[in-house]
Every structure is written in C-alpha cells, then in structure tokens.
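# Survey of secondary and tertiary structure
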Amino acid sequence: MKKKFVIEIIIYTVLPVLLWKILKIKIENYYAMLASIAPGIVYTFYKLYHEKMINAIGGFIFFSRMLFLGLALIKKSDLWFLQSYIWHQLIMAFIFSVSLIIKKYIPFYFFLEMYEGFGYNREDISLLCHESRIYRYFRYYTLFYVFIRISNSLIRYMLIGKFGVNGYDKILIITYFIIWVSLSIELKYISYIIQKTKETEE
C-alpha cells in the first residue's frame, strides 16, 4: 500500500513538476502543461485496466479524467489550462449536488460495488445500507465531496492570482497536497461507514 502511494505521488506530482520545468524552456507553456498531465492519465488508464475496474467506480474515474482533459483542450491557452481545473471541480460538484437533491447518493453505488468485490451479495448490502442510520452517512459523504470540490476551485482561483502561469509547479504541488489530504479523509470515512455497516449487520 505504501509502495503504491509513493508511486502515485511520483506519477501525479513529481513527474508533472519535472516535465513542466524541463519542457517550458523548449516549448510553449500550454503544451508543456499538457505534457505534464500525460503520465497521470496514462497511469490511470493502466490502473483501470490492470485492476479490472470495469464498473461504476472505474467509469467515474475515467469520466473525471476525460472531463478534465476535454476542458483543457477547449482553448490552447496556458491560463485556460490552469482555469480548466476550476471548471472541472465545479462540474463534479454540480453532478454530486444533483445526486444529493434527488437523494441518489453517488458514493452509495461505489460502496455497493466495493462490497460486492469483497464477495458480499449486492442486494443484501443494498438493503442494509438503505437503512436510515446507515444511508445518512452517504449523504454526509456526498456533502463532503461537494464541499471539497468547491473549496478546490476557490483555492485554485486564488493560486492562479498569486502565482500566475509561471508558478504552475507551485500550483500543482499545493493542489495535489490538498487532494492527498482530502483523499485520506475520504478513506478514513469509508472505513468508518464499513464499521457502522458491520455493527448494523451484527
């Protein structure tokens, strides 16, 4: 697990910073930025294929990556490339907000697939998790996700104003630090939901 974490830090943070610093001297900023995210995209697709994540979770990760890439390609502008992350986060926040409004919490379906992967019966876990004392945790999870995405977009906006295009490496490091912190919180919360589910099952 630790090895995988280190590998992902290198691919998603260290390599992009190095590529940016090397390539910005030789090519336009926009293309240097585009090249900097290539390792992360390739690794994501490899991981989805290698771990056989052909499901809702894998589909969501694929959609998120493709959304960001699609936004980044709309304009050949280094400033727009930085801003595309803001729009990506806001779109993701909107999608999860809709799931919150209609009470079809997206994390719930991810949770079902995760449990099914452990060998549990999907219908049994679905009935168990739909109990109000468990289902509410997915509402909190969805709210947290929306809050994080909106916060990320605001932070990126401020970072662009502070560092500008030339500070892309600093923006990248700070952005991914926030992502890793929020991800660790999400993982702990997932563990908490699992524990509560087991208590209810007993």
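Residues numbered from 1 in each chain as written. Predicted model: local features only at pLDDT ≥ 70, side-chain atom pairs only at ≥ 80, totals over all residues. Heavy atoms only, no water.

## Observations concerning the overall build of the protein
Spelled out, the test is: Secondary structure elements are taken from DSSP: a helix is a run of H or I of four residues or more, a strand is a run of E of two residues or more, and numbering for both begins at the N terminus. Accessible area is worked out with a 1.4 Å probe on protein chains only. A residue is then buried under 20% of its type maximum, exposed over 50%, and partly exposed in between. Residues count as neighbours in contact if any of their non-hydrogen atoms are within 4.5 Å of one another. Under the convention used here, a 1.4 Å probe and the Shrake-Rupley method define accessible areas, while residue burial counts only the protein chains that appear.
Across its full length, the protein holds 9 helices and 0 strands. For the protein, the sequential pattern of α-helices and β-strands runs α-α-α-α-α-α-α-α-α. In the protein, which comprises 202 residues, the proportion classed as buried is 42%. Summarising the internal contacts of the protein: among those between residues at least 6 apart in sequence, 71% fall at separations of at least 24. Accessible surface computed for the protein: about 11,800 Å², of which carbon and sulfur atoms make up 68%.

## With respect to empty space enclosed by the protein
Short version of the rule: Method remark: on a 1 Å grid restricted to protein atoms, a set of points is classed as a cavity if a 1.4 Å probe fits but cannot get out and as a pocket if it is open with protein on both sides within 12 Å along at least five of seven lines; lining residues have an atom within 4 Å of a point. Grid points are joined across faces, edges and corners, and a volume is the space filled by probe spheres set on the points. For this classification, the nonpolar set comprises Ala, Val, Leu, Ile, Met, Phe, Trp, Tyr, Cys and Pro, the charged set comprises Asp, Glu, Lys and Arg, and every other residue, Gly included, is treated as polar.
Summed over the entire model, instances satisfying the criterion amount to 1 cavity of 30 Å³ or more. Taken as a whole, the largest cavity spans an internal volume of roughly 40 Å³. If you trace the largest cavity, you find it lined by Tyr85, Asn152, Ile155, Arg156, Leu159, Thr175 and Ile178. When contributions to the lining of the largest cavity are tallied by element, the ones reaching two or more residues are helix H8 (132-163) and helix H9 (168-201). For the lining of the largest cavity, the leading source of residues is H8, giving 4 residues. In terms of residue class, the lining of the largest cavity is built from 4 nonpolar, 2 polar and 1 charged.

## Looking at the pattern of salt bridges
Applied cut-off: For this analysis, a salt bridge means a side-chain nitrogen from Lys or Arg found within 4 Å of a carboxyl oxygen belonging to Asp or Glu.
Tallied over the full model, the rule gives 1 salt bridge. The partner of Lys21 in a salt bridge is Asp169, and the shortest N-O contact between them spans 2.9 Å. Pair noted here: Lys21 is in helix H1 (residues 2-23) and Asp169 is in helix H9, with a separation of 148 residues, a long-range link. Residue classification places Asp169 among the buried residues on the basis of a relative accessible area of 8%.

## Looking at the side chain of Arg65
Spelled out, the test is: Here a polar contact is recorded for every N or O atom pair within 3.5 Å, except that within protein the pair must consist of a potential hydrogen donor and a potential acceptor, and residues adjacent in sequence are included only if both atoms are side-chain atoms.
Along the chain, the position of Arg65 falls in helix H4 (residues 56-72). A distance of 3.4 Å separates the side chain of Arg65 from the side chain of Thr44, its partner in a polar contact. Look past the residues within four positions of Arg65 in its chain and what remains in contact with it is Tyr12, Gly40, Ile41, Thr44 and Tyr176.

## What about the packing of helix H2 (residues 29-36) against helix H5 (residues 78-101)?
The relative placement of two packed helices comes down to the angle between their axes together with the axis-to-axis distance. Definition in use: For helices, the axis comes from a line fit to the C-alpha atoms of the stretch in contact; other axes are also lines fit to C-alpha atoms, and the angle between any two N-to-C directions lies between 0 and 180 degrees.
In contact at an axis separation of 7 Å, H2 and H5 are set at 35 degrees when each is read in the N-to-C sense. From H2, Asn29, Tyr30, Met33 and Leu34 reach across to H5, where they touch Asp78, Phe81 and Leu82. In terms of residue class, the contact of H2 with H5 is made up of 5 nonpolar, 1 polar and 1 charged.

## What to know about helix H3 (residues 38-50)
Inclusion rule: Helices are assigned an expected span. That span is 1.5 Å times one less than the residue count.
Taking 1.5 Å as the rise per residue, H3 with 13 residues should run 18 Å; its terminal C-alpha atoms sit 18 Å apart, in good agreement. Of all the positions in H3, only Pro39, Gly40, Ile41, Tyr43, Thr44, Lys47 and Leu48 are classed as buried.

## Things to note about unusual backbone geometry
Phi angles above zero are rare outside glycine, and Lys103 is one such case at about 60 degrees. On the secondary structure map, Lys103 appears in the loop between H5 and helix H6 (106-117).

## Some remarks on the side chain of Ser36
Residue placement: Ser36 occurs in helix H2. One polar contact links the side chain of Ser36 to the main-chain carbonyl oxygen of Met33, over a distance of 2.5 Å. Only 2.8 Å separates the side chain of Ser36 from the side chain of Tyr168, close enough to count as a polar contact. For Ser36, the residues in contact, after removing those within four places along its chain, are Pro16, Leu19, Trp20 and Tyr168.

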